[in-house]
Amino acid sequence: MVRFRQIGILFFAAAAFTGACNASPGQGTGTAETVVREEEGQDVKAAGTSKESPKAREPETKEPETETAGENLQEGTTEPFRGGVPDGSTREYVGIYGHIKEILEGRALIKSDTDDFPGVFWVLYAEDLNEVREGDGVFVLMEDTGQKEDGIELYRADTIFQIPDTDDEPAEADVLLTSAPDLRLSDPLSSVLSFIEIQPGSYSWNTADSGVVACGAAPLDQVSFNSAPRLKLPHYNGADTVLYGCSSVCRPDKMVVRQWDVSEAGNTDAVEEQRIVYYCISSFVELKRGKIYEIFLEWNEEHQKTAGFWGTAQYLFVTE
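Counting restarts for each chain: residues are numbered from 1 in the order of the written sequence. Given that this is a predicted model, residues contribute local features only at a pLDDT of at least 70 and side-chain atom pairs are listed and counted only at 80 or more, while totals for whole chains, interfaces and linings are drawn from all residues. Excluded from the side-chain calculation are hydrogens and water; included are all heavy atoms of the structure.

Enquirer: Any chance you could explain the sheet that holds strand 13 (residues 241-247) here in plain terms?
Expert: To summarise the sheet geometry, strands pair through backbone hydrogen bonds and adopt either a parallel or an antiparallel arrangement. Strand order in the open sheet made by the four strands is 9-8-13-16, with antiparallel pairing throughout. Each edge of the open sheet carries a strand with a single partner, namely strand 9 (195-198) and strand 16 (284-288). This sheet shows a mean twist of 30 degrees between the axes of neighbouring strands, independent of strand direction. One bridge is not enough; two strands pair if DSSP finds at least two bridges between them. Numbered from the N terminus, helices here are DSSP runs of H or I no shorter than four residues, and strands are runs of E no shorter than two. Bridge count for strand 13 against strand 16 is five bridges, and the pairing is antiparallel. Of the residues in strand 16, the one forming a bridge with Y244 is V285. Whenever a helix is involved, its axis is fitted only over the stretch in contact; in every case the axis is a line through C-alpha atoms, and angles between N-to-C directions fall within 0 to 180 degrees.

Right, here's the structure in full:
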């Protein structure tokens, strides 16, 4: 079911990933080894690295198939096909900014405005897009069907909402972060200020003069599970999922959200139930109860030019 939300309702407000790095210099916690870079050409040593570089998924190449929205069925079943992975494997989604080029019944042609995930895609949707018009800017969270039509990749939308068509970029303050910042998760529907701040378990952080590496345990390690922060989700009208705002003192360039069931704690070989790669700034995450979550954030090397730092960090928590 496609969830259509106007951006002005909730998400891209001050509680979102802030556009300014308003922390004090040196913010960041965790056990780490600091490496000072000497003259160019000398070796730099560190105890290890936790840096992770999620790569854009390479779409499968399949022969085009003739189908209409809602008629794409799994072989041997009467259930609609729900993505390019079988049961028991990871459901993979991508989140991008784009513009709608064409709207047809049950589908829209969307051109990506996201440099790290370029292209034009047919996106199937289950609800009417009454408030979206051709040419509008949108955020879309979508799942690859593994199919193409007329050479264009076919996706299925999970969420589509309109975004303001503006070229304005939030300014970033000239503040040097020498370690990865904390991640704040907040409930925007709560009548009181309700939030949790999560310290990074693993990170790789760099400035012009030094590098910091902190290595934490694997997300499903029993020790990690036992010590992970707990987030008790509210019950809103019996909803299975709850939308939480996520923010940091400086907005990242990419966010990857991995999800496991709590029953997998201690099973370090378990694959995640779901993996979402946001190739754009996302100010919210949709959470379910009884899950283990790891959020991976990346600040790319362009931040070296504007803020003097770059790096990656992972944040682990459990929902109840």
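Enquirer: How should I be thinking about the nonpolar core in this particular structure?
Expert: Most often, soluble globular proteins keep nonpolar side chains buried together rather than apart. Nine residue types can take part in a nonpolar core, namely buried Ala, Val, Leu, Ile, Met, Phe, Trp, Tyr and Cys, and a core is a set of them joined through side-chain atoms within 4.5 Å. Relative accessible area decides the class of each residue, using a 1.4 Å probe on protein chains only: under 20% of the type maximum gives buried, over 50% gives exposed, and in between gives partly exposed. Counting 41 residues, the largest nonpolar core has F139, L185 and V285 as its most contacted members. In terms of nonpolar packing, the next biggest core, distinct from the first, is built from 21 residues, I96, F117, V140 and V256 among them.

Enquirer: Looking at this model, I keep getting lost on the packing of aromatic side chains. Mind explaining?
Expert: Between two aromatic rings, the relevant description is the distance of the centres plus the angle of the planes. Between the rings of Phe, Tyr and Trp (Trp by its six-membered ring), a pair exists once the centres lie within 6.5 Å; its type follows the angle of the planes, with under 30 degrees stacked, over 60 edge-to-face, and the other angles tilted. In total, this model carries 11 aromatic pairs according to the counting rule given. Residues F139 and F284 carry aromatic rings whose centres are separated by 5.9 Å and whose planes lie at 80 degrees to one another, so their mutual orientation is edge-to-face. Residue F139 is located in strand 6 (residues 137-149), and its partner F284 is located in strand 16; the two are separated by 145 residues in the primary sequence. F139 gets classed as buried once you look at its relative accessible area, which sits at 2%. On the basis of relative accessibility, which here comes to 5%, the residue F284 falls in the buried class. Between W205 and F309, the aromatic rings sit 5.3 Å apart at their centres with planes inclined by 20 degrees, giving stacked as the arrangement. With a gap of 104 residues between them, W205 in strand 10 (residues 202-207) and F309 in strand 18 (residues 309-319) connect regions that are remote in the sequence. The class of F309 is buried, set by a relative accessible area of 0%. Across from the ring centre of W122, 5.9 Å away, lies the NZ or CZ of R107, which sits over that ring. To sit over a ring, a charge needs its Lys NZ or Arg CZ within 6 Å of the ring centre and within 35 degrees of the ring normal. The ring of F225 has R230 sitting right over it, with the charged end atom 4.5 Å from the ring centre.

The values are spatial; any link to function lies outside them.
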